[in-house]
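Inside the fold
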Amino acid sequence: ETAFWKGWDDPDVVPGVEWSAETLDAMGLAPDHLFFPHSSPEFEPLVQRERVKLPPTTAVVALADAGPAYVVGDLASEA
């Protein structure tokens, strides 16, 4: 889902794929987390605008092109 926020990606480039919540869910590797790839300060307003449309339990992890990112712990224990 976050991959489409910038409007850069054309979902029609992969023929025969129906882009839905199920196909965009990253195989459930990090439940309740969405990843925003290729993040930089210029996209902070976009992320803030779009994240309010998500369930309140969903964390958005911004991934800069500067190295790895890790999800540590779970959202329930941080509440």
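Keep in mind it's a predicted model, so treat the numbers as computed, not measured. (Residues numbered from 1 in each chain as written. Predicted model: local features only at pLDDT ≥ 70, side-chain atom pairs only at ≥ 80, totals over all residues. Heavy atoms only, no water.)

We now examine the overall build of the chain. Secondary structure assignment for the chain yields two helices and two strands. Reading the secondary structure of the chain in the N-to-C direction produces β-α-β-α. Taken across its 79 residues, the chain has 22% of its residues classed as buried. Put simply, 68% of the contacts in the chain that link residues at least 6 apart link residues at least 24 apart. Per element, the accessible surface of the chain, about 6,000 Å² overall, is 58% carbon and sulfur. (Helix = DSSP H or I, 4+ residues; strand = E, 2+ residues; numbered from the N terminus. Buried < 20%, exposed > 50% of the residue type's maximum accessible area, 1.4 Å probe, protein only. Contact = heavy atoms within 4.5 Å. Areas by Shrake-Rupley, 256 points an atom, 1.4 Å probe, with all protein chains shown as cover.)

Quick look at the confidence of the model for the chain now. In the predicted model, the chain carries a mean pLDDT of 77, and 72% of its residues have values of at least 70. Ranking the helices and strands of the chain by mean pLDDT puts helix α1 (residues 44-51) first, with 92, and helix α2 (residues 75-78) last, with 54. (pLDDT = per-residue confidence, 0-100.)

W5, L34, F36, F43, L46, V47, L54 and V60 form the largest nonpolar core, which has eight residues in total. Of all the secondary structure elements, the ones that give two or more residues to this core are β1 (33-39) and α1. Discounting chain neighbours no more than four positions away, the residues touching V60 are W5, L34, F36, V47, R51 and L54. (Core = buried A, V, L, I, M, F, W, Y, C linked by side-chain atoms within 4.5 Å.)

The next subject is the pattern of salt bridges. Throughout the structure, instances matching the rule amount to one salt bridge. Across the pair E50 and K53 runs a salt bridge whose closest N-O atoms are separated by 3.2 Å. A relative accessible area of 59% places K53 in the exposed class. (Salt bridge = Lys/Arg side-chain N within 4 Å of Asp/Glu carboxyl O.)

Next up on the list: a nonpolar patch on the surface. Among the surface-exposed residues, V13, V14, V17 and W19 lie close enough to one another that they form a single nonpolar patch of about 330 Å² accessible area. Locating V14 in the fold gives a position in the segment before β1. (Patch = residues over 30% accessible without salt bridge, like charges linked within 9 Å, V, L, I, M, F, W, Y side chains within 5 Å.)

Because each turn of an α-helix spans 3.6 residues, side chains separated by three or four positions in sequence point in the same direction. Three or more residues of α1 are buried, namely L46, V47 and E50. The buried residues of α1 all sit within an arc of 95° when viewed along its axis, so they share a single face. (Arc of directions from axis to C-beta.)

Here we come to the pairing of β1. Bridge count between β1 and strand β2 (residues 59-64): five bridges; the pairing is parallel. The partner of S39 across the bridge, within β2, is A64. For the handedness criterion, the β-α-β arrangement of β1, α1 and β2 is classed as right-handed. (Pairing = 2+ DSSP bridges. Right-handed = clockwise from strand over helix to strand, strands pointing away.)

Within the fold, S39 resides in strand β1. With relative accessibility at 16%, the residue S39 sits in the buried group. When sequence neighbours within four positions are dropped, the list of residues in contact with S39 reads A62, L63, A64 and D65.

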